[in-house]
Amino acid sequence: MQHFQFSKWDMPARFLHLGESQPEPFPLFTLQVLGLLVWALIADTTYHLHPAYGWVMFVSIFFWITTVIFFVIYLLQLHLKFYVIPWPLVLVIFNATATILYITAFVTCSAAVQPTSWSQWDYNRRAAASFFACLVMITYGASTFFSFRAWRGLGSNAATSQVTNHA
């Protein structure tokens, strides 16, 4: 059995004990919390009166549920049992798709917040949902970058590059 040494900054990897099988440094738990905030804030408004929020709700709930599924898969280490599935590639595709769709959701959510509607009771919730949609978009974008690096094998550190370089 391999033993992994984690620094204090690798809390998600230590918590999930995923070691090198987890290609993204951002914990799936962070994406769950931020995604939950987006759709919970929208759900607490009169979103049915604004058709644009239907798209935001779809994107945020769909990716929240999918992220919860990935979290459970990695938590229970089911990705090790389904070794036929190229998990790093699956995560690259998932994160890239989530980033692109969250860009559209963030723009839609931000455009639907009218600056003249600050006196409405749900203005702060809609504005906060836009802010958290932006955070989720940035987090999925960073996860895309790091999962792409892990998929391509560009995420090695000095110790592994010393072992693998035979030059």
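Residues numbered from 1 in each chain as written. Predicted model: local features only at pLDDT ≥ 70, side-chain atom pairs only at ≥ 80, totals over all residues. Heavy atoms only, no water.

Asker: Can you break down the overall build of the protein chain residue by residue, with the values?
Answerer: Looking only at helices and strands, one finds six helices and zero strands in the protein chain. Relative to its 167 residues, the protein chain shows a buried fraction of 35%. For the protein chain, the proportion of contacts with a sequence separation of at least 24, taken over those separated by at least 6, is 73%. (Helix = DSSP H or I, 4+ residues; strand = E, 2+ residues; numbered from the N terminus. Buried < 20%, exposed > 50% of the residue type's maximum accessible area, 1.4 Å probe, protein only. Contact = heavy atoms within 4.5 Å.)

Asker: If you had to explain the packing of aromatic side chains to someone new, which residues and values would you point to?
Answerer: Evaluation of the coordinates by the stated rule reveals 15 aromatic pairs. Taken together, a centroid distance of 5.7 Å and an interplanar angle of 55° make the contact between Phe-63 and Phe-94 tilted. Of this pair, Phe-63 sits in helix 3 (residues 52–75) while Phe-94 sits in helix 4 (residues 87–112), and the two are 31 residues apart along the sequence. Exposure remark for Phe-94: the relative accessible area of 9% places this residue in the buried category. For the pair Phe-63 and Tyr-102, a centre-to-centre distance of 6.4 Å together with 45° between the ring planes defines the contact as tilted. Here the residue Phe-63 occupies a position in helix 3, and Tyr-102 occupies one in helix 4, the gap between them amounting to 39 residues. Residue Phe-63 is classed as buried on the basis of its relative accessible area of 3%. Taken together, the aromatic side chains of Trp-55, Phe-58, Phe-62, Phe-63, Phe-70, Tyr-74, Trp-87, Phe-94, Tyr-102 and Tyr-140 make up a single cluster linked through ring pairs. Residue placement shows Arg-152 over the ring face of Trp-151; its charged tip is 5.3 Å from the ring centre. (Phe/Tyr/Trp six-rings, centres within 6.5 Å; stacked < 30°, edge-to-face > 60°. Lys NZ or Arg CZ within 6 Å of the ring centre and 35° of its normal.)

Asker: Mind laying out the confidence of the model for the protein chain, listing which residues take part and the relevant values?
Answerer: Confidence in the prediction for the protein chain averages 77 pLDDT; 73% of positions are at 70 or higher. Of all the helices and strands in the protein chain, helix 1 (residues 11–16) carries the lowest mean pLDDT, 39, while helix 4 carries the highest, 92. Taken as a whole, residues 1–25 scores under 50 in pLDDT and shows 33 contacts with residues more than four places along the chain or in a different chain. (pLDDT = per-residue confidence, 0-100.)

Asker: Go over the packing of helix 3 against helix 4 with me, naming the residues and quoting the values.
Answerer: Remark: helix 3 packs on helix 4, axes separated minimally by 9 Å, with the N-to-C direction vectors making an angle of 155°. Taken as axis vectors, helix 3 and helix 4 run roughly antiparallel relative to one another. In this structure, the crossing between helix 3 and helix 4 has a hand that is left-handed. Partitioning the contact of helix 3 with helix 4 into residue classes produces 19 nonpolar, six polar and no charged. (Axes fitted to C-alpha atoms, helices over the stretch in contact; angles between N-to-C directions. Parallel < 35°, antiparallel > 145°, perpendicular 65-115°, else oblique. Left-handed = near helix turned anticlockwise from the far one by under 90°. Nonpolar A, V, L, I, M, F, W, Y, C, P; charged D, E, K, R; others polar.)

Asker: Lay out the environment of Ala-129 with the relevant residues and their values.
Answerer: With respect to the secondary-structure elements, Ala-129 resides in helix 5 (residues 123–152). For Ala-129 and Val-113, which are 16 residues apart along the polypeptide, the C-alpha to C-alpha distance reads 9.8 Å. Ignoring sequence-local partners within four residues, the contact set of Ala-129 consists of Val-38, Leu-41, Ile-42 and Cys-109.

Asker: Go over helix 4 with me, naming the residues and quoting the values.
Answerer: Counted at 1.5 Å a residue, the expected span for helix 4 with its 26 residues is 38 Å, and the 36 Å between its end C-alpha atoms agrees. Within helix 4, burial applies to Trp-87, Leu-91, Val-92, Phe-94, Asn-95, Ala-98, Thr-99, Tyr-102, Ala-105, Cys-109 and Ala-112. Of the surrounding elements, those touching the buried residues of helix 4 are helix 2 (28–43), helix 3 and helix 5. (Expected span 1.5 Å × (residues − 1).)

Asker: Got a sec to walk through the nonpolar core? Specific residues and values, please.
Answerer: Counting residues in hydrophobic clusters, the biggest one holds 31 residues, and the most contacted among them are Ile-42, Tyr-53, Val-56, Phe-63, Phe-70, Tyr-102 and Tyr-140. Residue assignment for this core shows that the elements contributing at least two residues are helix 2, helix 3, helix 4 and helix 5. Here this core gets nine residues from one element, more than from any other, and that element is helix 3. (Core = buried A, V, L, I, M, F, W, Y, C linked by side-chain atoms within 4.5 Å.)

Asker: So, the UniProt feature "transmembrane region" (unreviewed entry) in the protein chain: which residues are in play, and what are the values?
Answerer: Per the UniProt annotation, the sites labelled "transmembrane region" (unreviewed entry) are residues 26–43, 55–76, 83–107 and 127–148. Taken end to end, residues 83–107 has its terminal C-alpha atoms 38 Å apart, with 84% of it in helix and 0% in strand. End-to-end, the C-alpha atoms of residues 127–148 are 32 Å apart, and along that stretch the chain is 100% helix and 0% strand. (UniProt positions renumbered as here; feature names shortened; annotations may be inferred.)

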